[in-house]
Amino acid sequence: MTLKLDVMLSNSVVDAADRARALEWAGVDGVFTFENAHDLFFPLVAAAPVCSLDLMTNVAIAFPRSPMHLANAAYDLHLLSQGRFRLGLGSQVRAHIENRYGAQWGRPVEHMREWVSATKAILNSWQDGTRLDFRGEYTRHTLMTPTFDPGPNPYGVPKVLVGALGPRMNRMAAEVADGVLVMPFNTARHMQERTLPAIRDGLAAAGRDRGDIEVIAEVIVGVGRTEEELAAARGVRGLLAFYGSTPAYRAVLDVEGWGDLQPELNARSKRGEWGQMAELVTDEMVDTLAVCGTPDEVAAEIVARYGECDRVCAYFPGYQASDDLIADFAAALRRAAP
């Protein structure tokens with residue numbers, strides 16, 4: 001087996017096609033988009049016809065979107081890409097769901113279970129020609145007339161994955177989804193002690209095997225070949241401080257004995273002291289929460305931490321990783337993977 005590599009495509013549809021061609025040249029296996037200041041589906045629409053890479057949303061925020069909208073988008077991207085699309089869904093946090101999206105916040109694990117199940121029910125109804133009859137606490141889908149039924153997708157039903165960090169979300173994703181996107185604020189210890197056991201529990205509860213799902217590790221990567229590149233790559237510190245300020249991520253810090261840092265980071269974030277937040281993240285924290293070093297060093301560490309996974313989504317935050325550096329990293333990961 002090889003550990004496949006996904007990297008970020010583009011923030012915007014404007015340059016997505018050119019970026020997809022460049023990243024395919026660099027030797028990555030797939031590209032993903034995530035929620036930022038632009039729509040995350042549009043860049044994948046631009047990329048799908050011009051490359052042979054795997055495509056994924058990582059992640060589309062689920063609750064503000066109807067499962068019907070998600071099913072339509074996933075169906076069309078799977079069709080356009082000739083079967084290379086995965087729909088990755090995430091929950092976000094209550095403040096963003098209610099105050100930025102103006103959507104309903106419920107019990108996030110149960111809510112996400114329902115969104116995955118409803119989206120898959122719609123896709124399977126189209127694929128199999130069966131009557132649509134999904135009734136849940138948060139959504140209901142019982143009407144599908146021929147006008148709105150696209151019929152079977154010639155490339156099959158696209159996979160639906162869930163972004164997860166805590167044990168309950170990981171367990172639920174392993175029970176009902178086609179894959180788990182392990183969120184990037186993570187450590188080797190948290191992965192082994194919290195994440196993988198929860199995934200195994202979810203598979204067992206559903207009577208599923210490990211081969212029934214994909215497990216994709218999202219990794220914050222600081223990679224460089226020269227002293228100058230390696231120094232720039234330590235720019236990942238800023239994202240680590242941002243993640244660490246979020247109460248939902250304290251569990252990761254607790255595992256490493258750094259939980260007391262979270263309230264201080266949170267307080268500084270509320271005061272807008274973003275630069276000062278990064279100063280609280282030590283070199284040890286950077287090397288534990290991210291993976292830093294030369295392409296060969298990073299590849300070896302990723303395999304050591306996440307070798308049980310199927311794919312790796314690599315982020316290069318806070319610095320600019322050139323295409324030839326990404327190519328060197330992709331080649332190193334191919335050499336290092338079992």
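Residues numbered from 1 in each chain as written. Predicted model: local features only at pLDDT ≥ 70, side-chain atom pairs only at ≥ 80, totals over all residues. Heavy atoms only, no water.

Engineer: What exactly am I supposed to notice about the UniProt feature "domain: Luciferase-like" (unreviewed entry) in the chain here?
Structural biologist: Mapped onto the present numbering, the UniProt feature "domain: Luciferase-like" (unreviewed entry) falls on residues 14-305. This span, residues 14-305, is 49% helix and 15% strand, and a straight line between its end C-alpha atoms measures 36 Å. (UniProt positions renumbered as here; feature names shortened; annotations may be inferred. Helix = DSSP H or I, 4+ residues; strand = E, 2+ residues; numbered from the N terminus.)

Engineer: In this structure, what is going on with the side chain of N170? I would like to understand it.
Structural biologist: Mapped onto the elements of the fold, N170 is located in helix 6 (residues 167-176). A polar contact of 3.0 Å, which involves the side chain of N170, links it to the backbone oxygen of L165. Not counting residues within four places of it along the chain, the set of residues in contact with N170 comprises A164, L165, V180, V182, T195, A198 and I199. (Polar contact = N/O pair within 3.5 Å; in protein donor to acceptor, adjacent residues only side chain to side chain. Contact = heavy atoms within 4.5 Å.)

Engineer: Whenever I open this one, unusual backbone geometry confuses me. Can you help?
Structural biologist: If a residue is not glycine, its phi is most likely negative; likewise, a peptide bond is most likely trans. Following N58, the chain continues to V59 via a peptide bond in cis, the omega torsion being 0°. Tracing the chain through its elements places V59 in the loop between strand 3 (54-57) and strand 4 (60-61). Of note, the phi angle at Q82 is positive, near 60°, even though the residue is not glycine. Residue placement: Q82 occurs in the loop between helix 3 (67-80) and strand 5 (85-90). A positive phi is found at Q92, a non-glycine position, where the angle reads about 60°. Within the secondary structure, Q92 is located in the loop between strand 5 and helix 4 (94-100).

Engineer: Looking at this structure, how should I read empty space enclosed by the protein?
Structural biologist: If a probe the size of a water molecule is rolled over the atoms, the empty space left behind becomes visible. Here the structure, examined in full by the defined rule, presents 1 cavity of 30 Å³ or more. The volume enclosed by the largest cavity comes to roughly 30 Å³. Lining the largest cavity are F185, L240, G244, L253, L261, L265, V281, M285 and L289. Going through the elements one at a time, helix 9 (237-244), helix 11 (261-270) and helix 13 (283-289) are the ones with two or more residues in the lining of the largest cavity. (1 Å grid on protein atoms, 1.4 Å probe; cavity = no way out; pocket = protein on both sides within 12 Å on 5 of 7 lines; lining within 4 Å. Points joined across faces, edges and corners; volume = space filled by probe spheres on them.)

Engineer: Please explain the packing of helix 6 against helix 7 (residues 188-206) as it appears in this structure.
Structural biologist: In a packed pair of helices, the relevant descriptors are the angle between the two axes and the axis-to-axis distance. Interhelical geometry of helix 6 versus helix 7 gives an angle of 40° and a closest axis separation of 7 Å. Between helix 6 and helix 7, the angle is such that the two are oblique. Helix 7 is crossed by helix 6, and the crossing has right-handed handedness. Contacts between helix 6 and helix 7 involve P167, N170, R171, A174 and E175 from the first element and T195, A198, I199, D201, G202, L203, A205 and A206 from the second. (Axes fitted to C-alpha atoms, helices over the stretch in contact; angles between N-to-C directions. Parallel < 35°, antiparallel > 145°, perpendicular 65-115°, else oblique. Left-handed = near helix turned anticlockwise from the far one by under 90°.)

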